[in-house]
Amino acid sequence: MDRRGFLKLGAQLAGAGAVGGATVAAQGAFAMEADRAAKFTSVLAGAPANSGIDTVVIVMMENRSFDSYLGWLNRDAKYIADGKSRFGSGFGVLGNIHQTFTAPDGKRVKTEPHGVNAGPINSWEGCGHPDPGHGWRAGRAERDFGFLASDSGNDPFALSYFQRTDLPIYAALSRRFTICDRWHAALLGPTYPNREYLLSGQSGGHKDNYLPLAEGGFQWPAIFDRLNAAGVSVADYASDFPPFILFGDRTAPYLRTLDDFHADAAAGTLAQVSYVDPSFIGDGENDDHPLADPRAGQLFIRDVVRSFTRSPQWKRGLLLVMYDEWGGFFDHIAPPVALDDRSSPIDDENFGQCGFRVPAIIASPRALHGYVDHTQYDHTSVLRFLEWRFLGAPANGPLGNPANPWWLTTRDRHARNLGRTLSSTVFDPNLHFDIDMHLAAPSPPCGQDAARVLGSHPFATAVEQGYLERLGAGRRLRHIA
């Protein structure tokens, strides 16, 4: 079976894919064996108020795939040995950093460490390389023909990967908490639609980074509307551009600054559902989008983790770190198809087509040490957990009263609840690693010529087009954007 046929088969089987040449069925058996080895009672077995989770902090970074960023875990001997000692011989990670892809000229190209494929100008930032393709069309080309397909727009930069020593905060978090190795982007498409799915379970039928200028922001319901109506506090703590504002001026009451996050964490006054955004724009960019140095992203995540874990709210807290989409970087698991209000048998119109896997970390005093959750999640699994914890949704399944729905769309109604991986009996608020560890300073930004080659970041484009001012929110948001 060729790569195209294999990936399509993997998609049909809910993104099972393959590991090291294993068959799809063998991989499924591997996941079930590992899950059986980790026997614990989930918080979903009890009432939401008794879950031990009162504060949820959500961080969504930009444009990296699981294999490119966390695939090294499968080859980390200590991590695997520790996992087997805790969870049994079936423990493992669906990670693969060593792959080969065919370029349009027929040449076979191997994945390489970032110092090889992202050089020679700057191996950390990818200066001088094209931004790997991650749009609607490019994603489908990568799914069907590999990550150097002619319609992907990729060069070998898309085949670069990082290792444990490159991402020390993620290495420490992976050892201490839980990673998810089947967390997919909600859509096989770019930034805005995936972030819209995180907040509302849909993108309004938009396939690209459409900016809702004419509408004054997207007007359909979002999770913050439902939470606010239920008396649950919500905040979007933004470094520069707050993604909430894509939903219009009605989101202004929720907007805070990153400084507010650190202050509120210290005071124990964080919103019950707190979104924390990296810097998307300018020389201080630390969102991990290509051109940003991943070492800057590690510094940002470290500071968020440090503030939250030192907060009075941490003992009943949950921190989620994930990426909006794979950014065009290689991954070996085929993206699955989910139920969606805009599902279609026509591939180009199918909003049920999830994207490739992204890095995802679940950190909490209720999280198992060094565990790998093989459950198939996407960004709407965050909605599903919030709806269970705060809005009266059942722990699992789509049951509910259509006249008074707890769900926003078909997608979140049928999503897996990530609460299944949190333990009702485990409680360990300690980090067990040095959160003040020394981290390397990031490189200076790529030059303007490189920036023009790579194109504009979608949030930078929104600012350039005066989106905030045209919403009438510019004066109120000037301290943020």
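Everything quoted here is computed from the prediction, not taken from an experiment.

1. A few points about helix 8 (residues 191-200)
Right, on to step 1. Within helix 8, ten of the ten residues are buried, which leaves it mostly tucked inside the rest of the structure.
Right, on to step 2. Of the positions making up helix 8, those classed as buried are T191, Y192, P193, N194, R195, E196, Y197, L198, L199 and S200.
Right, on to step 3. Looking at the packing, one finds that the buried side of helix 8 touches strand 1 (55-61), helix 9 (223-229), strand 10 (273-276), helix 12 (380-391), helix 13 (410-413) and helix 15 (458-464).

2. Topic: the nonpolar core
Right, on to step 1. Counting 104 residues, the largest nonpolar core has V59, Y170, Y275, I301 and L386 as its most contacted members.
Right, on to step 2. Leaving out residues up to four positions away in the same chain, Y275 has contacts with I58, L198, L199, I223, V234, A235, D236, Y237, F244 and L386.
Right, on to step 3. With twelve residues, the next largest nonpolar core counts I97, F147, L148 and F356 among its residues.

3. Let's talk about the confidence of the model for the chain
Right, on to step 1. Summing up the model confidence of the chain, the mean pLDDT is 88 and the portion of residues at 70 or higher is 87%.
Right, on to step 2. Across residues 1-27, confidence stays below pLDDT 50; counting only partners more than four residues off in sequence or on other chains, it has 50 contacts.
Right, on to step 3. Predicted confidence for residues 449-455 stays below pLDDT 50, and this span has ten contacts to residues more than four positions away or in other chains.

4. Section: helix 6 (residues 136-145)
Right, on to step 1. Here helix 6 lies mainly inside the structure; eight of its ten residues are buried.
Right, on to step 2. Those residues of helix 6 that sit buried are W136, A138, G139, R140, A141, E142, R143 and D144.
Right, on to step 3. Immediately downstream of helix 6, the backbone of G146 shows phi near 100°, a positive value.

5. Some words on the sheet that holds strand 12 (residues 360-363)
Right, on to step 1. The eight strands are arranged 9-8-10-1-11-12-6-13 in an open sheet whose pairing can be described as mixed. Edge positions in the sheet fall to strand 9 (255-257) and strand 13 (371-373), since each of these pairs with one other strand and no more. Sheet twist, expressed as the mean angle between neighbouring strand axes with direction ignored, is 20°.
Right, on to step 2. As defined by bridge partners, strand 1 adjoins strand 10 across four bridges and the pair is classed as parallel. Counted as the bridge partner of V56 is V273 from strand 10.
Right, on to step 3. Across the face of the sheet, helix 11 (residues 294-309) comes into contact with strand 1, strand 10 and strand 11 (317-323) while running at roughly 180° to strand 1.

6. So, the packing of helix 8 against helix 12
Right, on to step 1. Running from amino to carboxyl end, helix 8 crosses helix 12 at an angle of 10°, the nearest separation of the two axes being 7 Å. Classed by the angle they form, the pair helix 8 and helix 12 counts as roughly parallel. Here helix 8 runs over helix 12; the crossing is right-handed. On helix 12, the residues that touch Y197, L198, L199 and S200 of helix 8 are T380, V382 and L383.
Right, on to step 2. Counted by class, the contact of helix 8 with helix 12 contains five nonpolar, two polar and no charged residues.

7. Description of the pairing of strand 11
Along a regular strand, successive side chains alternate from one face of the sheet to the other.
Right, on to step 1. A large share of strand 11 lies buried, amounting to seven of its seven residues.
Right, on to step 2. Taking every second residue as pointing to the same face, both faces of strand 11 are buried, with G317, L319, V321 and Y323 on one and L318, L320 and M322 on the other.
Right, on to step 3. When strand 1 meets strand 11, the two strands line up parallel, connected through seven bridges. Following the sheet pairing, I58 is matched in strand 11 by L320.
Right, on to step 4. Of the strand pairs in this sheet, strand 11 and strand 12 are connected by four bridges, and their pairing is antiparallel. For M322, the partnering residue across the bridge sits in strand 12 and is A360.

8. Quick word on the pattern of salt bridges
Between side chains of opposite charge, a pair can form when the charged atoms approach closely.
Right, on to step 1. All chains considered together, the criterion is met by 24 salt bridges.
Right, on to step 2. A salt bridge links R357 to D331; the nearest nitrogen and oxygen atoms lie 2.9 Å apart. Linking R357 in the loop between strand 11 and strand 12 with D331 in the loop between strand 11 and strand 12, this pair joins segments that are 26 residues apart in sequence. As far as the burial class goes, R357 and D331 line up, both buried.
Right, on to step 3. Note that R411 is salt-bridged to D340, the shortest N-O span being 3.3 Å.

9. Comments concerning the packing of helix 10 (residues 258-267) against helix 11
Right, on to step 1. Relative to each other, helix 10 and helix 11 sit at 30°, their axes nearing to 8 Å. Here helix 10 is positioned roughly parallel relative to helix 11, judged by the angle of their axes. With respect to the hand of their crossing, helix 10 and helix 11 are arranged in left-handed fashion. Contacts between helix 10 and helix 11 involve L258, F261, H262 and A265 from the former and F300, D303, V304, S307 and F308 from the latter.
Right, on to step 2. Within the contact of helix 10 with helix 11, the residues separate by chemical class into six nonpolar, two polar and one charged.

Cut-offs and rules
Sequence order as written defines the numbering, with residues in each chain counted from 1. Local features in this predicted model are restricted to residues of pLDDT 70 or higher, and side-chain atom pairs are both shown and tallied only at a pLDDT of 80 or more, whereas totals for entire chains, interfaces and linings draw on every residue. Values reported for side chains reflect all heavy atoms of the structure, with hydrogen atoms and water molecules removed beforehand. In this scheme, a residue with accessible area under 20% of its type's maximum is buried, one over 50% is exposed, and one in between is partly exposed, where area comes from a 1.4 Å probe on protein chains only. Put simply, DSSP H or I for four residues or longer makes a helix, DSSP E for two residues or longer makes a strand, and each gets a number counted from the N terminus. We call two residues contacting when some pair of their heavy atoms lies within 4.5 Å. Among buried residues, the Ala, Val, Leu, Ile, Met, Phe, Trp, Tyr and Cys ones that are joined through side-chain atoms within 4.5 Å form a nonpolar core. One confidence number per residue, pLDDT, is output by the predictor and ranges from 0 to 100. Strands pair, by our definition, only if DSSP identifies at least two bridges between them. Axis definition: a line fitted to C-alpha atoms, limited for helices to the stretch in contact. Angles are taken between N-to-C directions and run from 0 to 180 degrees. Put simply, angles under 35 degrees are roughly parallel, angles over 145 are roughly antiparallel, angles from 65 to 115 are roughly perpendicular, and the rest are oblique. Definitions for this section: a left-handed crossing has its near helix turned counterclockwise from the far helix by less than a right angle. A right-handed crossing has that turn clockwise. As a working rule, the residues Ala, Val, Leu, Ile, Met, Phe, Trp, Tyr, Cys and Pro are called nonpolar, Asp, Glu, Lys and Arg charged, and the rest polar, with Gly in that last group. When a carboxyl oxygen of Asp or Glu lies within 4 Å of a side-chain nitrogen of Lys or Arg, that pair is called a salt bridge.

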